[in-house]
Amino acid sequence: MKQPVIRARLAELIAQLEASQAFLEHVTYQMQNLNYEDQNRILGGPIGLLKMQAAKMNQFVQDECVQLMGGRGLTQNGMGQVVWRYRSASQFNGILGGSNEVLSDFAVRMLDRAYPRTSKL
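Conventions adopted
- Throughout, residues of each chain are indexed from 1 in the direction in which the sequence is written.
- Predicted model: local features are reported for residues with pLDDT of at least 70 only, side-chain atom pairs are reported and counted for 80 or more only, and whole-chain, interface and lining totals are derived from all residues.
- With hydrogens and water stripped out, all remaining heavy atoms of the structure feed into the side-chain values.
- For this analysis, a salt bridge means a side-chain nitrogen from Lys or Arg found within 4 Å of a carboxyl oxygen belonging to Asp or Glu.
- The helix count covers DSSP runs of H or I at least four residues long, the strand count covers runs of E at least two residues long, and both are numbered beginning at the N terminus.
- To sort residues, take the accessible area from a 1.4 Å probe on protein chains only and compare it with the maximum for the residue type: under 20% means buried, over 50% means exposed, and anything in between is partly exposed.
- Any two residues having at least one pair of non-hydrogen atoms within 4.5 Å are treated as being in contact.
- Where helices are involved, their axes are fitted lines through C-alpha atoms of the stretch in contact, as for all axes, and angles between N-to-C directions lie from 0 to 180°.
- In these notes the angle categories are as follows: under 35 degrees is roughly parallel, over 145 is roughly antiparallel, 65 to 115 is roughly perpendicular, and the rest is oblique.
- Handedness of a crossing follows from how the near helix is turned relative to the far one, being left-handed for an anticlockwise turn of less than a right angle and right-handed for a clockwise one.
- Any residue outside Ala, Val, Leu, Ile, Met, Phe, Trp, Tyr, Cys, Pro, Asp, Glu, Lys and Arg is labelled polar, Gly included; the first ten of those are nonpolar and the last four are charged.

1. Here's the deal with the pattern of salt bridges
Part 1 of the argument: Here the structure, examined in full by the defined rule, presents 4 salt bridges.
Part 2 of the argument: The salt bridge involving aspartate 38 is made with arginine 41; its shortest N-O contact spans 2.5 Å. With a gap of 3 residues between them, aspartate 38 and arginine 41 both fall in helix 2 (residues 36-42), about one helical turn apart.
Part 3 of the argument: Owing to a relative accessible area of 56%, arginine 41 belongs among the exposed residues under this scheme.
Part 4 of the argument: Residues arginine 109 and aspartate 105 are paired through a salt bridge, measuring 3.0 Å at the closest nitrogen-oxygen approach. A residue pair is termed a helical-turn pair when its members lie 3 or 4 positions apart in one helix, as arginine 109 and aspartate 105 do in helix 5 (residues 100-114) at 4 residues.

2. Details of the environment of glycine 73
Part 1 of the argument: Within the fold, glycine 73 resides in the loop between helix 3 (44-69) and helix 4 (81-95).
Part 2 of the argument: Given the relative accessible area of 0%, glycine 73 is considered buried.
Part 3 of the argument: Once residues within four sequence positions are removed from consideration, glycine 73 is found in contact with Val66, Gly80, Val83 and Trp84.

3. A look at the packing of helix 3 against helix 5
Part 1 of the argument: Their axes nearest at 8 Å, the elements helix 3 and helix 5 cross at an angle of 150°. With respect to helix 5, the element helix 3 is oriented roughly antiparallel. Once helix 3 is placed against helix 5, the crossing between them reads as left-handed. For the pair formed by helix 3 and helix 5, the contact residues are Gly44, Gly45, Gly48, Leu49, Lys51, Met52, Ala55 and Lys56 on the first element and Asn100, Leu103, Ser104, Phe106, Ala107 and Met110 on the second.
Part 2 of the argument: Along the lines of polarity and charge, the residues of the contact of helix 3 with helix 5 split into 7 nonpolar, 5 polar and 2 charged.

Below, the structure written as structure tokens:
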């Protein structure tokens, strides 16, 4: 890759993907090592935040793919067909599991339950 702008965009994509992967592995580790009651009490909020963060990262990646491909990323055939299929599938996948606004509200309410009532925020 000779273009520094493309390398910079790819670096941003890789950083976001790695952060999502680390968050996923952290939640998965907790799910494997906590008992069932603790999973229900502790992990509801983080799982909602994980889905929200992954959906936003997915949106960012698909937008960057279209930008990198130029007008070809919008075509159903030819060189841009992979990007077009990714875009159409990811829009559908973002709907599954709840909207980001609902999940973020749920995560904050779960976090609020965990804080002692005597703490001042």
